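Survey of secondary and tertiary structure
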Amino acid sequence: MTNRILAIAKKEIIHIRRDTRTLMLAIGLPVILLLIFGYAITFDIKHIPIAVCDLDMSQKSRELVSMFAYSGYFDVVDYIPSVNKADALLNSGKCKVVLVIPLNFSKMLYRGEKASVQILIDGVEANTTSVALGYIQGIMQMYSSKILLDVLNKAGFSNQIKGMPPVDAKIRVWYNPELRSQNYVIPGLIAVIMMIITAMLTSLTIVREKERGTIEQLIITPVKPYEIMLGKILPYLLIGLFDMLIVFIVGILVFKVPFIGNFIYLFIFAVIFAVCGLGIGLLISTIADSQTFAIQLTLITSMLPAFLLSGFMIPIKNMPGIIQFVTYAIPARYFIIVLRGIFLKGSNIFILWKEFVFLSALAFLLMAVCSKRFKKKLD
Amino acid sequence: MNRIYYIIKKEYIQTFKDKRMVMLIFVAPIIQLLLLGYAVNMDIKHVSTAVIDRDRSFESRDFIRDVSASRYFDIVFYLKENEDVHKIFQKQQAEMVIIIPPDFSRKLKRNEKSPVQVIVDGSDSNFATIVVGNITQVVRRFSEKYSTKMLERMKYSIKIPRVNPQTRIWYNPEAKSSNFMVPGVICMMLLVVTSLLTAMAITREREIGTMEQLIVTPIKPIELILGKLIPFALIGFCQVGLIVAAAQLIFGVPMKGSVLLLFALSGLALLTTLGLGLFISTISQTQQQAMMSTFMVIMPSIILSGFFFPITNMPRPAQIITYFIPLRYFLHIIRSIFLKGSGLDILWPDALALLVFGVAIIALSVARFKKRLG
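Residues numbered from 1 in each chain as written. Chains lettered and ligands numbered in written order. Predicted model: local features only at pLDDT ≥ 70, side-chain atom pairs only at ≥ 80, totals over all residues.

Moving on: the overall build of chain B. A tally of regular secondary structure across chain B gives 14 helices and five strands. Against the 2.2 N^0.38 benchmark of 21 Å for 374 residues, chain B shows a C-alpha radius of gyration of 29 Å, more extended than a compact globule. Looking at chain B as a whole, 48% of its 374 residues are labelled buried. (Helix = DSSP H or I, 4+ residues; strand = E, 2+ residues; numbered from the N terminus. Rg over C-alpha atoms; globule rule 2.2 N^0.38 Å. Buried ≥ 20, exposed ≤ 12 C-beta atoms within 10 Å, placed from the backbone.)

The structure is reproduced here in C-alpha cells:
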C-alpha cells in the first residue's frame, strides 16, 4: 500500500519539478508577502496631513497648533487664510484634517468660558478617520488640562496642582512592548501563506488530470482511490511545511519577531492546519471540472476567508454576529490564534487545547468527506 | 470584422458552457461585496477588560463604571486576588487588565497622584496603540471629572476654561467602513476576474492544443486578440454595473459623482487588466502557470494599492513603488467618484496614468503575442 502511495507522490513531485513556475510561486509568494507585510504595511497611523485656519493668531491659538505639530501624529502642511479654502484642500486629498480656530478663541479662554474650535475631517478612509479623531480628542484633552493647570497656578492653588492629574494610568503592553506591527502580522502570515499554497495547488492537481484526460489512465491502474488521494497531497504537504519554515526563519532572523514558545507545538499545529488546507483543495478538485473554475472556487472559499475572516488583519470581534458565526468554520481562524499564542505569549498545546481539537476535527472531517467523494467520482 | 465576432461568440460559448462558471462570475462579486462591506471593520471597540479592584471604594467603582460606559471597553469579569495575568492573556480571556491598588481613593482624597495599573495584551490587537490611547482618554476624562468635583467641593469659584472641539466629518459622515471598502471591490473584482479569465482562457487553448487550430485559420493575430479580449471586457463592465447597483442598494454607499464617468474610466482600467492577462498568457504554457503568475502580480498589487492600508502610512520607498501599480489610480478614481463626487478636472492625472499603463501593457503584449504565433 505505502509503495503505491509513494509512487503516486513521486510522480507528483516529478510534475512539480518540471513546472518551475509553480516552484517559484511556492517559494516566491512567502518571500513577497513577507517583504510587503514586513516592510511596507504598518497599522500605525502617523503623518496625518493637517491644514490650519487660525483666525485668532494669538499666543493661545499658536500653542494649540504647536501641540498638534509636536504630537508626532500630525504634519501641518498648510496655513489657510479662510475656511473657503478648506473645501478644495480636502477634496484634492492634500490634507485629511482642517483645524479652524475662531476669532474669539483666546478671548473666551481668558474669560474662563468654553472656546470652540472646528475640526473638518475627510471621512473617506474610515479607519484613519476614527484614529485621527482619537488623536485629536487626546490633544484637546491635554490642552484643556494645561489650561486648567495654568489657571489654578495663577489663582494661587499651586498646592492642588501637585496632585494633578489625579489619576495616573501606568500602562504596560505585554508581549509586544514596542507595538511593532510585524510582531502581530508575520506570525499570522504563516497561516495565510500555508492556506493559499496548500489549497490552491492541491485543487488544481486533480482537475488538471481531469482536463488533460490522464485521470482515466490513473483509474485503470490497481491504485486505490484513497492511495491516489494521499499520494497526491504528500508533496504539497511538504511544500506547505517548507513555506512555514521560510516565514518562521525569516520572520525571526530578519524581522526580529520574538518567539518564546516551543517549535514542536508549532510544527504539530502546522501539520494539522496543512491537512485542513489540503482537504479543502481536494474537495474543490472533486467538484470542479475546469481549472478556471477550481481556481475561482479556491479563491472564494479559502484565500479570501484566510485574509479577511481569520483575524489576520481585522479583529473577529469587530464583525457582525452572523459573520463571526461563519468564522468558526474557517481553519485559519484557529491557526492564527495558535500562531500568535506560541510566538508571542509562549502558549503551549494544553492552553491551546480548544484550537487543537477544532483544527483536528476540521482536518478529519475534510479528509473523510474527500475520500468518500473521491471513491464515488473515480468509480 | 466578422471573424472577430465569431471568436467572441466561441469564447462566450466556451466560458458559459459551465453554468457554474456563470454563477461564479456573477456571484463572486456579491460575496466579496458582502464580506468586505460587513466584515471589514477596523474600529476598535469591545476590548474585553478584566478588573482587579483592590480598593473597593466609591471612587474606584466610579472609575470602573466610567471605563465600561465608554464604548471602547467591555468589562468581562472581575479578577480574584492572585490570578495570573499571564494565563488570562494566554487563554484569551481578556485583552486588557486594570489593577486598582488599595490606596486609590485614599491618595485621591489626599490630593496626591493616584496610580492605576493597566496591562494591555499587545499580541492580540494590531491597534494596541489605539487601545492605549483610548484607555488614556478614559482615565483623563475621569481625572477631569474628579478635579472639577474637587474644586467645586472646595467652593472655589474659578471659571475653568475648556476647549470644545466641534467635529464635522466630510464625505463619509457616519465614517462607515463600508463606504471605504465597497467601492474598492469594483477595482479588486475587475483586476482579479478579467486578468485571470483572460490569461487562463488564452493559455487553456495553448495547453489543450487548440491554439494551433486557430493559427491555421485565416484569422489575423490582431483579430484573435480582440476576439479574446472583448468578451472579458464586456463581463468586466457587467460586473462594474452589478457592484455599483449593489453598493447603493445593499450598503447605501452614496454615489455623488457621474456614473458615466465611472464606466468610462473603468474602461481605461480594463485596458490595464486585460493587458496584464494577455501578457501573462504570452509567458505561460499551462493554465497553472498562468494562474500562478497572475497571482504573484495581483496579490502585491492589491495589498499595496491602498485598498486596505492607506498609502500615506507606508514608508517612502514603498510609496514610490505604488506609483507603478495601475490599481492605485483606479482605486482613487472609484472612491473619489463615489464619495467626493470628483470629476475629470480633479481625476485627470489618475486617468492619464491608467491610459499610459494600459496602452503600454497592451502594446507590449500584442507584440509578444504576434511573435509567438508567427
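Scanning chain A from terminus to terminus reveals 15 helices and five strands. For 379 residues, the compact-globule formula gives about 21 Å, and the C-alpha radius of gyration of chain A, at 29 Å, lies well above that figure. Expressed as a percentage of its 379 residues, the buried residues of chain A come to 49%. Taking the contacts inside chain A whose residues are at least 6 apart along the sequence as the reference set, 78% of them involve residues at least 24 apart. (Contact = placed C-beta atoms within 7 Å.)

Take the sheet that holds strand E1 (residues 48–54) of chain A next. Spatially, the five strands line up as an open sheet ordered E2(A)-E1(A)-E3(A)-E4(A)-E5(B), and their pairing is mixed. A strand with exactly one partner marks an edge of an open sheet, and here the two such strands are strand E2 (74–79) of chain A together with strand E5 (162–170) of chain B. Neighbouring strand axes in the sheet, compared pairwise and without regard to direction, differ in orientation by 25 degrees on average. Examined bridge by bridge, strand E3 (residues 97–101) of chain A and strand E4 (residues 114–122) of chain A share four bridges and lie antiparallel to one another. Its bridge partner being in E4(A), Val97(A) is matched across the sheet by Ile121(A). Packed on one face of the sheet, helix H3 (residues 59–69) of chain A meets E1, E2 and E3 of chain A and runs near 130 degrees to E2(A). (Pairing = 2+ DSSP bridges. Axes fitted to C-alpha atoms, helices over the stretch in contact; angles between N-to-C directions.)

Our focus in this paragraph is the nonpolar core. In terms of nonpolar packing, the biggest core is built from 162 residues, with Leu189(A), Ala191(A), Val192(A), Ile193(A), Met194(A), Phe273(A) and Phe335(A) touching the most fellow members. Ignoring sequence-local partners within four residues, the contact set of Ile193(A) consists of Leu29(A), Pro30(A), Leu33(A), Asp243(A) and Val247(A). (Core = buried A, V, L, I, M, F, W, Y, C linked by C-beta atoms within 7 Å.)

This next bit is on the sheet that holds strand E3 (residues 96–100) of chain B. The five strands lie next to each other as E5(A)-E4(B)-E3(B)-E1(B)-E2(B), forming an open sheet whose pairing is mixed. Each having just a single partner strand, strand E5 (167–174) of chain A together with strand E2 (73–78) of chain B make up the two edges of the open sheet. The mean angle between the axes of side-by-side strands here comes to 25 degrees, regardless of whether they run parallel or antiparallel. Direction of pairing for strand E1 (residues 47–53) of chain B relative to E3(B): parallel, over a ladder of five bridges. Within E3(B), the position partnered with Val51(B) by the bridge is Ile98(B). Against the sheet, helix H3 (residues 58–69) of chain B contacts E1, E2 and E3 of chain B, and its axis sits at roughly 135 degrees relative to E2(B). Here helix H6 (residues 128–153) of chain B sits on the sheet in contact with E5 of chain A together with E1, E3 and strand E4 (114–121) of chain B, set at roughly 170 degrees to E5(A).

The partner chain A presents 100 residues to the 99 residues of chain B that form the contact. If you list the elements that add at least two residues to the side of chain B that touches chain A, you get helix H2 (19–39), helix H4 (85–90), E4, H6, E5, helix H7 (177–208), helix H11 (287–304) and helix H13 (326–340) of chain B. When residues of the side of chain B that touches chain A are assigned to their parent elements, the largest contribution, 15 residues, is made by H6(B). Taken together, the residues that form the side of chain B that touches chain A break down as 51 nonpolar, 32 polar and 16 charged. (Nonpolar A, V, L, I, M, F, W, Y, C, P; charged D, E, K, R; others polar.)

What follows is about the pairing of E3(B). Residues and elements named next belong to chain B. With respect to burial, E3 is a largely interior element, four of its five residues being buried. Where E3 meets E4, four bridges bridge the pair, whose relative direction is antiparallel. Residue pairing for E4: Ile98 is matched across the bridge by Val118.

One turn of the α-helix equals 3.6 residues, which is why residues spaced by three or four share an orientation. All names here are of chain A. What helix H4 (residues 84–92) keeps buried is the set Ala86, Leu89 and Leu90. Taken down its axis, H4 places every buried residue within 95 degrees of arc, on the same side. For H4, exposure combined with an orientation more than 90 degrees from the buried face picks out Asn84, Asp87, Ala88 and Ser92. Immediately beyond the C-terminal end of H4, within one or two residues, lies Gly93, with a positive phi of roughly 85 degrees. (Arc of directions from axis to C-beta.)

All names here are of chain A. Interhelical geometry of helix H2 (residues 20–40) versus helix H10 (residues 225–253) gives an angle of 30 degrees and a closest axis separation of 10 Å. Compared by their axis directions, H2 and H10 come out roughly parallel. For H2 against H10, the interelement crossing comes out right-handed. Only Ile239, Asp243, Ile246, Val247 and Val250 of H10 make contact with H2, whose side of the interface consists of Ala26, Pro30 and Leu34. Among the residues forming the contact of H2 with H10, the class breakdown is seven nonpolar, no polar and one charged. (Parallel < 35°, antiparallel > 145°, perpendicular 65-115°, else oblique. Left-handed = near helix turned anticlockwise from the far one by under 90°.)

Turning next to helix H12 (residues 291–309) of chain A. All names here are of chain A. Helix length check: H12, at 19 residues, gives a terminal C-alpha distance of 25 Å against a target of 27 Å (1.5 Å per residue), a fit within 8%. Of all the bends found along H12, the most pronounced is centred on Leu299 and spans about 40 degrees. Within H12, 14 of the 19 residues are buried, which leaves the element mostly enclosed by the surrounding structure. (Expected span 1.5 Å × (residues − 1). Bend = angle between axes of the 7 residues up to and from the residue.)

All right, on to the packing of helix H11 (residues 263–287) of chain A against helix H14 (residues 331–345) of chain A then. Residue and element names in this part refer to chain A. Between H11 and H14, whose axes approach to 11 Å, the crossing angle comes to 170 degrees. It follows that H11 is roughly antiparallel to H14 by the angle criterion. H11 and H14 meet at a crossing whose hand is left-handed. Within the contact between the two elements, H11 uses Tyr265, Leu266, Phe269, Phe273 and Cys276 and H14 uses Pro331, Phe335, Val338 and Ile342. Split by residue class, the contact of H11 with H14 holds nine nonpolar, no polar and no charged.

Turning next to the confidence of the model for chain A. Fine structural detail should not be taken from predicted coordinates in areas where pLDDT scores are low. Mean pLDDT over chain A: 86, with 97% of residues reaching 70 or higher. Mean pLDDT across the elements of chain A bottoms out in helix H7 (residues 158–161) of chain A (66) and peaks in H11(A) (94). (pLDDT = per-residue confidence, 0-100.)

This part covers unusual backbone geometry. With the exception of glycine, most residues fall at negative phi, and the peptide bonds are largely trans. Residues and elements named next belong to chain A. Non-glycine residue Met57 carries a positive phi angle of around 50 degrees. Residue position: Met57 is located in the loop between E1 and H3. With a phi close to 55 degrees, Lys256 is a non-glycine residue in the positive phi region. Of note, Lys256 is situated in the loop between H10 and H11.

What follows concerns the environment of Ser203(A). All names here are of chain A. Mapping Ser203 onto the fold places it in helix H8 (residues 181–212). For the pair Ser203 and Asp19, spaced 184 residues apart in sequence, the C-alpha separation works out to 16 Å. Beyond its immediate chain neighbours, meaning those up to four positions away, Ser203 contacts Gly281, Ile284, Ser285, Ala294 and Thr298.

Residue and element names in this part refer to chain B. Locating Leu196 in the fold gives a position in helix H7. Leu196 gets classed as buried once you count the C-beta atoms within 10 Å, which come to 24. In contact with Leu196, other than residues within four places in its own chain, are Gly277, Met291 and Thr294.

All names here are of chain B. Considering every residue of chain B, the mean pLDDT works out to 84; 95% of them sit at 70 or more. Across chain B, element-level confidence peaks in helix H10 (residues 259–282) with a mean pLDDT of 92 and bottoms out in E5 with 75. The ipTM for the predicted assembly is 0.78, set against a pTM of 0.82.

Quick look at the environment of Val167(A) now. Mapped onto the fold, Val167(A) is located in strand E5. Taking the number of C-beta atoms within 10 Å as the measure of exposure, Val167(A) has 25 and is therefore buried. Val167(A) sits 108 residues away from Gln59(A) along the chain, and the two C-alpha atoms are 29 Å apart. If sequence neighbours within four positions are ignored, Val167(A) has contacts with Ser114(B), Val116(B), Val139(B), Phe142(B), Ser143(B) and Tyr146(B).

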